[in-house]
Amino acid sequence: MTRNSTGSKLFDAANYLILTLLAFLTLYPFWDSLIVSITPLQESLSSNLHLIPKSITFEAYQYLLQLKQLWVSYGISIFITVFGTAISMLATTLAAYALSKRQLPGVRPIMFAIVFTMMFSGGIIPTYLVVKQLGMMNTVWSLMIPTAIQTYNLIIMRNFFTSIPESLEESARMDGCSDLGILLRIVVPLSMPAIATISLFYAVARWNEFFTAVMYVTDKGIWPLQLFLRSMLIDNEASFQSGGDSPFLLGQSIKMATIMISTIPVMIIYPFFQKYFVQGVTLGAVKE
């Protein structure tokens, strides 16, 4: 069957149709949230399908942007995203580099113990007690240190390091380079696709930090953005049930505007790292 045959054209048309439908199903929830966030209350309630707004209002965004707690939470989320990602990448890179050395004594039992944590964890209560005993309750460190290393990311990074030819490291060692120098001058530059991918994984996880914040943080002064979002959703639900006196607080606009404000930063950054995804994860999946 040639490329220009009728069957080939029908096959391509079917592919385009299916992919278009999948793209629409994927993008519509985001589009719906955006439209509802800028749509007046009565219009958003008049239909369950929101494609094009008849009128536009930014009352919900004006209300949110004047809240001091929003900017405080934004600052906390940016802090834990930047510094939390840096801490996680430092710990993951050092651990993965050491575990990539087959001559390391006990490397297999150590790897077994690490992989074991993917199937069985210590549980919420023991983890909570450890964080409390370490004095990290109601601190930003409780949102970064306990989850500094994710096992899946560590395995990807370790397998990536394993795929680097040992001859490169041996040549550098013969030239008098130390293990740290080899890591910084040879391994890290060659591993930028994997590092960029894992960094994005950690950054998105830090930006979306919620469960650990619920457990360890009660001080509003260090609420991350996701706890602020949760608070807004709860407050709006309470306002709706009690018949609050602010008209746009009774609808979905304020909820969707809050979701958009917390989502847009990640959506802006994500495309710049997307090109590293396939290369980074695929190369990190090399098996022994």
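Everything below is about the structure shown above.
Residues numbered from 1 in each chain as written. Predicted model: local features only at pLDDT ≥ 70, side-chain atom pairs only at ≥ 80, totals over all residues. Heavy atoms only, no water.

Trainee: For the overall build of the protein, give the residues involved together with the corresponding values.
Mentor: Regarding its fold elements, the protein presents 14 helices and zero strands. The order of helices and strands in the protein, counted from the N terminus, is α-α-α-α-α-α-α-α-α-α-α-α-α-α. Looking at the protein as a whole, 40% of its 288 residues are labelled buried. The long-range share in the protein, meaning contacts at least 24 apart out of those at least 6 apart in sequence, stands at 72%. Surface accessibility of the protein: about 17200 Å² in total, with carbon and sulfur atoms responsible for 69%. (Helix = DSSP H or I, 4+ residues; strand = E, 2+ residues; numbered from the N terminus. Buried < 20%, exposed > 50% of the residue type's maximum accessible area, 1.4 Å probe, protein only. Contact = heavy atoms within 4.5 Å. Areas by Shrake-Rupley, 256 points an atom, 1.4 Å probe, with all protein chains shown as cover.)

Trainee: Quick rundown of the nonpolar core? Include the residues and the values.
Mentor: Core analysis: the largest hydrophobic core is formed by 24 residues, its most contacted members being Met157, Phe161 and Val187. Every element with two or more residues in this core is listed here: helix H4 (68-99), helix H5 (107-119), helix H7 (151-162), helix H9 (179-190) and helix H10 (192-207). Examining the composition of this core, we find that six residues originate from one element, H7, more than from any other. The contact partners of Val187, leaving out residues within four places of it in the chain, are Tyr97, Phe161, Ile164, Glu169 and Ile182. Membership of the second largest hydrophobic core comes to 15 residues, among which are Ala60, Leu225, Ala257 and Met260. (Core = buried A, V, L, I, M, F, W, Y, C linked by side-chain atoms within 4.5 Å.)

Trainee: Can you explain unusual backbone geometry? Please cite residues and give values.
Mentor: For residues besides glycine, phi is generally negative; the peptide bonds are generally trans as well. Despite not being glycine, Asn138 shows a phi value in the positive range, around 55 degrees. Position of Asn138 among the secondary structure elements: in the loop between helix H6 (124-133) and H7.

Trainee: Run through the packing of H4 against H9, naming residues and quoting values.
Mentor: Running from amino to carboxyl end, H4 crosses H9 at an angle of 110 degrees, the nearest separation of the two axes being 12 Å. The angle between the axes of H4 and H9 places the two elements in the roughly perpendicular class. The segment H4 lies against H9, with Thr93, Leu94 and Tyr97 engaging Asp179, Ile182, Leu183 and Val187. (Axes fitted to C-alpha atoms, helices over the stretch in contact; angles between N-to-C directions. Parallel < 35°, antiparallel > 145°, perpendicular 65-115°, else oblique.)

Trainee: I'd like a description of helix H1 (residues 6-37), backed by residues and values.
Mentor: For H1, built from 32 residues, the straight-helix expectation of 46 Å at 1.5 Å per residue is met to within 8% by its first-to-last C-alpha distance of 46 Å. The largest bend along H1 measures about 40 degrees and falls at Leu27, with the proline Pro29 one to four residues further on. Residues Ser8, Tyr28, Asp32, Ser33, Ile35, Val36 and Ser37 constitute the buried set of H1. (Expected span 1.5 Å × (residues − 1). Bend = angle between axes of the 7 residues up to and from the residue.)

Trainee: Any chance you could break down a nonpolar patch on the surface for me, citing the residues and the numbers?
Mentor: A cluster of nonpolar side chains, contributed by Ile18, Leu19, Leu22, Phe24, Leu25, Trp31, Leu51 and Ile52, occupies part of the molecular surface with about 850 Å² of accessible area. Within the secondary structure, Phe24 sits in helix H1. By relative accessible area, Phe24 is classed as partly exposed at 45%. (Patch = residues over 30% accessible without salt bridge, like charges linked within 9 Å, V, L, I, M, F, W, Y side chains within 5 Å. Salt bridge = Lys/Arg side-chain N within 4 Å of Asp/Glu carboxyl O.)

Trainee: Account for the packing of aromatic side chains, with residues named and values stated.
Mentor: Tallied over the full model, the rule gives ten aromatic pairs. Taken together, the ring pairs in this structure connect Trp71, Tyr74 and Trp207 into an aromatic cluster. (Phe/Tyr/Trp six-rings, centres within 6.5 Å; stacked < 30°, edge-to-face > 60°.)

Trainee: Could you give me a rundown of the packing of helix H8 (residues 166-174) against H9, with the residues and numbers involved?
Mentor: At their nearest, the axes of H8 and H9 sit 10 Å apart, and the two run at 140 degrees to each other. Taken together, the axes of H8 and H9 are oblique relative to one another. Here H8 runs over H9; the crossing is right-handed. Contacts between H8 and H9 involve Leu168, Glu169, Ala172 and Arg173 from the first element and Asp179, Ile182, Ile186, Val187 and Leu190 from the second. By residue class, the composition of the contact of H8 with H9 is six nonpolar, no polar and three charged. (Left-handed = near helix turned anticlockwise from the far one by under 90°. Nonpolar A, V, L, I, M, F, W, Y, C, P; charged D, E, K, R; others polar.)

Trainee: A description of H7 should follow, citing residues and the corresponding values.
Mentor: Between the first and last C-alpha of H7 there are 16 Å, a value that for twelve residues agrees with the 16 Å anticipated at 1.5 Å per step. When you tally the buried positions in H7, you get eleven out of twelve residues, the bulk of the element. Within the span of H7, buried status applies to Thr151, Asn153, Leu154, Ile155, Ile156, Met157, Arg158, Asn159, Phe160, Phe161 and Thr162.

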